[in-house]
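Chain and residue survey
For reference, the chains in residue letters:
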Amino acid sequence: MSPYISPLFGLAMGSSVLLISSSTHWVFVWLGLELGTLAFIPMLAWWHSSLEVEATVKYFIIQAMAAAVFFFGGLVMTSTEYISGLSQFVGNFGEVLIMFSIIMKLGLVPFHYWVVDVVQGLNYLPGMVLLTWQKVPGLMVLVQLVSMQNGLILLIFGALSAFWGGLGGLGQTQMRKLLAFSSIAHLGWLVSGCVVGTMLGSMYFILYVVLSIPVFVFLYILNNTHLNQVRASLVSNPVAAMVVGVGFLSLAGLPPFMGFFGKWLVLTWLLNNFLVGGAVALVVGALVSLFYYLRVSYMCMVILGPQQIMVSLSWRKGFMGSLLGGLVVLNLLGLLLVGGISSLSK
Amino acid sequence: MAAVGRLGSAAVRSFLWRRTALLSSARCLSKNELPGPYPQTPEEWAAAAKKYGMRVEDYQPYPDDGTGYGDYPMLPEEGVESKDPWVDWDDKWHRRNFGEAPHIHIDAFTRQRVNPNQKYVVPWKQMVAALLGFLGFNAVMLYFGEQYKHAIPVAPKQYPYNDLYLEKGGDPDKVSEEEIKHYEFPKS
Amino acid sequence: MVGMCGMLGLVSLLIMGIFLFDKTKENLAQAIKYSGFMNLLLLTLMVVSEENEMLLMKWEWVKLGGYSLSISFRYDMYTCSFFVVALYVTWNILIFSFYYMSTDPRVDLFCKYLGLFLIAMLLLVSAEGFFQLLIGWEGVGIMSYLLISWWYARSDANTAALQAIFYNRIGDIGLVIMLVWSLMNTSDWTFTSLYALDMFNVFLVVGVVLAAMGKSAQLGLHPWLPAAMEGPTPVSSLLHSSTMVVAGVFLLIRFSPIILMNSYAQAGVFLLGTMTTLFSAICALAQNDMKKVVAYSTASQLGLMVTAVGVGVPQLAFLHICMHAFFKAMLFMCSGGYIHGLQNEQDIRKMGGFLFATPITSSCLFIGSAALMGTPFLAGFFSKDPIIEAINISNMNSWAIGLVLVATSFTAVYSFRLMFMGVGSASRMFTLQPMNEEYNNLVGPLQRLCYGSIVAGVVFIYFLIPYQVSILSLPFTLKLAAIMVTAVGGLVSWDVVKLLHTSEGTVNVNYLSFEAQVGFYSHIMHKIMPKVWMTLGENYQMQMIDRGWAELTLPQGFGQNYKLLADNINQTQTALVKMYIAIMMLILMMMLMLIALS
């Protein structure tokens, strides 16, 4: 892709978020969402291979459908209640429709089917942006929508996502599919956090972004797409392998890494609000997904291959590692940050 | 150069295919050397006997009733201590020859632990009879001792001052009425 | 003033701890000696203040509110006296071990182990809080293990040390039961609060009695004590005669107010002590190893101490602990002198006629045995005789009382046998043995402990205020019962043993008899118990439960189920967008209908 066009798309994506956050009428929210989607589509097809293009098309279709449902919901809302802003929730049918469309956009169970295929088709870097940045618009709408009536649905979907994401990733050997299922699981936790309090949801989202970006980037550096390649990464590039291993442990929610604190905060707040069932379901889901996280971490950090397996050492991509060193350190020092993080969400 | 390296590693890998015992310093038993499930057919029986280095006539696994150990042979229970110390074993401390299948409970039968067939100079029954006889005899006698306890006769304690009448809160006006004597002079 | 002297007691502990790290072992011995004198000052102060004072010092180590773990010391008469006695005896044993272990390359480590053991024992004795009691208890157990297996290349020593640990551990179960009960029921985890509770409880007493059985080698958990003779003689003389094995009795003494509340508990303890006394005395008659005779003698005296607790005179039991420390340590040291002189020969059938070869050691053996038997006005008399008097006027099982008297006479029997075989008869040892007692490190401690054995009784009785009123009007026969049975036993045994072992030849002793094999107890138990536990553990717990049902229901079961679920989920990812849209629309419709209807 030409270097003159990509900033335009990036700008468009940024402005879409601004648009969503600053608008009061639901049409403009819809506009922002569409803008973001449309601006992102070309960036997905950077490499022009058939796999990428197929993933892009799938993404486009699903997002378009979600946008259509959003519009429909907005129309229903306007026609029945004569309100146009999203923040004045009354709990009507249109709102539910809008919420379902956001769930579709985010990739929450039961509307998650596209996440796996899309992330598998794309390479790591666009996949990373998909799973992190493209959630921001959806989340911004979601936090405005959550109310008592919607909360139950979101909680159920969240718990189900955590479980589904865990179970789905059990049999995966492709790293990107694994990460897709893991993002579904984490999205479940995120949404449960949003149900409790918006600040919590944002906190969990920021934590998730911060700790998944190094994982994606270092996997990209190692060029590991299959589990067998991960097994050999310790020998070829120990630093990257360590970062990936630690990052996966952090995603699994093991202390003292930072991922644990997000999960811990969500659990604490859920229990404070007496949503014990949801908390238990989330934890069970996290336990299931622990298996594949540990498997990947084990392969990255523990196994020493006896033979030299040929992997492509990509020295061109090495520069990204140093940029992300800070994020990695943040990951490891989650213990120190927890005090600040937990006080922020109160 | 790189091609040579690739060829060489491919050759090594193809030679080492399924030859894990030669591969690395971390030795591990291959799949067919490990114990397996209970042998069902005579061929499996013979193969299992060969695996453990035993004759087919000698080989007998534990019965498959849920408490068995798969196809591991049921060796006679003898502690290491009771094996003959004068035989020229390969491993003298454990009194075992190389390749011999150890008993499944070998960790309990080592030199300073359980020895199921320890030979006693005094016969077992005699030992148990002696100990139980001694303890039983004592138990019986102790029972009788409880029936007839030892006690030297004592009288109730005698206190002065009319059995401590005033100290125990008696009425001062009625002192002269209660006169308790703890002694008597013999009439000559 | 008492507080300051209490600080002296703590300071003495600290000094000993510091000198543990010193390179020279003589400095450690000096430190122990000076600590002994410092504690003597404290004891004097206690005595002067009519033994009414008690000092309690506490430091909270882990602050947990009502359940804080603390190091707290209780300095009452028992503790102060025991400190002095234990430090004096340990000092002497250390000097002795300079002689005995002089050719050992690791003798510095040995002395450090002894010092560490002493500190653990003193912590146990001065413990006010149960946490410190546990520390001391486990500490002495560990040091006993390390010291018994000092010559670890010898497999018998390893077996004996393991045996000591096992039997002690069974007793520790009882200790833990007691600790847990008191944790739950007392306000803070101390003796004072337990006494204030003034409550009898089965768990508490059973736990304490089990702990005492394990540590003090009462019948049932006794085989480790004779096996512990595998350790070097200083170890036997310190741990397994004076100090460690009395820890169980000491525990019983501390808990005696509670045990004596219930007549069944009291009777149980009494019977336990009685059976132990008798059984050990019987077994001591037929042993051929000199150290084993003294070991069984120790076990018999421990049984007597427990009997004293059971009959209601715990203070006399404590007095007997102190007296017994003196002469038993000395007896072991005499054995040590003989063993070294005979080039590690311990069999009394190969000894004889030492009276002329080693006069000092033999006289100390005689004096020690005399004190052990309860010869009037030596040390043992002032504790043993009142105990037997108290037993004679108690209202307990008459057979048991008879057994105690029998055991007392057996004390004389085996002591005389030992003396005859070792000191008295014609010499059966090899010629040209380097029997030599020209060592200051051997003779000095022997002499000091000899003075102790003779004089300590009088000194203690002079200053000790009895807690129980002793009855002064006993029938003539009961009053003299102990001395008479001792005399009878001694005379009979001297005659018999002279007949059996003439200078022409020795009668073959039946080494397979009931007594000689310790009632076959260890043979039987060591075959049955491991088999039983192994069957239970291996077949049932391990195979059926742990590797069977537990595996199947939890890890493997979950694994299978999740595999099925994961397979199903992966089948939904068909990669056909039309399918995805269809499913999503279907679910959307369903959810909308559900929401619209509700």
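Refer to the preceding data block for the structure.
Attention in this report is confined to the structure presented alongside it. The shown structure was predicted, so the numbers you read here are calculated from the model rather than taken from an experiment. (Residues numbered from 1 in each chain as written. Chains lettered and ligands numbered in written order. Predicted model: local features only at pLDDT ≥ 70, side-chain atom pairs only at ≥ 80, totals over all residues. Heavy atoms only, no water.)

Considerations on the overall build of chain B
Threshold: Strands here mean DSSP runs of E at least two residues long; helices mean DSSP runs of H or I at least four residues long; both are numbered from the N terminus. Think of it in three bands: with a 1.4 Å probe and only protein chains considered, a residue is buried below 20% of the maximum accessible area for its type, exposed above 50%, and partly exposed in between.
Across its full length, chain B holds five helices and zero strands. Along chain B, from the amino end to the carboxyl end, the secondary structure elements read α-α-α-α-α. A burial count over chain B gives 22% of its 188 residues as buried.

Structural notes on the layout of surface pockets
All names here are of chain C. Our working rule: In this analysis a 1.4 Å probe is tested at points of a 1 Å grid over the protein atoms alone, and where it fits but cannot get out there is a cavity; an open set with protein on both sides within 12 Å along at least five of seven lines is a pocket; lining residues have an atom within 4 Å of a point. Grid points are joined across faces, edges and corners, and a volume is the space filled by probe spheres set on the points. All residues other than Ala, Val, Leu, Ile, Met, Phe, Trp, Tyr, Cys, Pro, Asp, Glu, Lys and Arg, Gly among them, are scored as polar; the first ten of these are nonpolar and the last four charged.
Of the pockets and cavities examined, the second largest pocket occupies roughly 680 Å³. In this structure, the second largest pocket is lined by 25 residues; those nearest its centre are L316, P386, E389, Q468 and S470. Residue assignment for the lining of the second largest pocket shows that the elements contributing at least two residues are α15 (314-341) and α18 (379-392). The dominant element in the lining of the second largest pocket, judged by the number of residues it contributes, is α18, at six residues. Grouping the amino acids of the lining of the second largest pocket by side-chain chemistry returns 17 nonpolar, five polar and three charged.

So, the interface of chain C and chain B
What counts, and what does not: When checking whether two residues touch, look at their non-hydrogen atoms; a contact exists if any pair is within 4.5 Å. Take the accessible area each of two parts loses on contact, using a 1.4 Å probe, and add the two losses: that sum is the buried area. Any Lys or Arg side-chain nitrogen located within 4 Å of an Asp or Glu carboxyl oxygen qualifies as a salt bridge. Two N or O atoms form a polar contact when they lie within 3.5 Å of each other; inside protein one atom must be a possible hydrogen donor and the other a possible acceptor, and for residues adjacent in sequence the pair counts only when both atoms belong to side chains.
Chain C puts 40 residues into the contact, and the matching count from chain B is 32 residues. Of all residues in chain C, W399, K527 and M534 of chain C bury the most surface against chain B, accounting for 19% of the area lost on that side. Linking chain C with chain B are one salt bridge. Where E77 of chain B meets K531 of chain C, a salt bridge forms, and the shortest distance between an N and an O atom there is 3.8 Å. Counting the contacts that link chain C with chain B gives seven residue pairs in polar contact (both at pLDDT 80 or more). Every element with two or more residues in the side of chain C that touches chain B is listed here: α6 (155-185), α13 (263-285), α18, α19 (398-424) and α23 (521-572) of chain C.

Comments concerning α18 of chain C
For clarity, the threshold we go by: Each helix should span, by expectation, one fewer than its residue count multiplied by 1.5 Å.
For α18 of chain C, with 14 residues, the first-to-last C-alpha span of 21 Å sits near the 20 Å given by 1.5 Å per residue. Taken across its 14 residues, α18 of chain C has 13 buried, putting it largely inside the fold.

A few points about the packing of aromatic side chains
Going by this rule: Note on ring pairs: Phe, Tyr and Trp rings are taken, using the six-membered ring of Trp, and paired if centres are within 6.5 Å. Classes follow the plane angle, with under 30 degrees stacked, over 60 edge-to-face and the rest tilted. We call a charge positioned above a ring when the Lys NZ or Arg CZ atom is no farther than 6 Å from the ring centre and deviates by at most 35 degrees from the ring normal.
A full pass over the atoms with the stated rule returns 53 aromatic pairs over all chains. Ring geometry for Y113 of chain C against W150 of chain C: centres 5.8 Å apart, planes inclined by 85°, an arrangement best described as edge-to-face. Placement of Y113 of chain C in helix α4 (residues 107-125) and of W150 of chain C in the loop between α5 (130-148) and α6 is noted, with a sequence separation of 37 residues between them. Assessed through its relative accessible area of 1%, W150 of chain C is described here as buried. Put simply, the rings of Y38, W45, Y52, Y59 and Y72 of chain B touch in pairs and so form one group of aromatic residues. When the ring centre of W189 of chain A is taken as reference, the NZ or CZ atom of K263 of chain A above it lies at 5.3 Å. Its guanidinium or amino end placed over the ring of W93 of chain B, R111 of chain B lies 4.4 Å from that ring's centre, counting from NZ or CZ.

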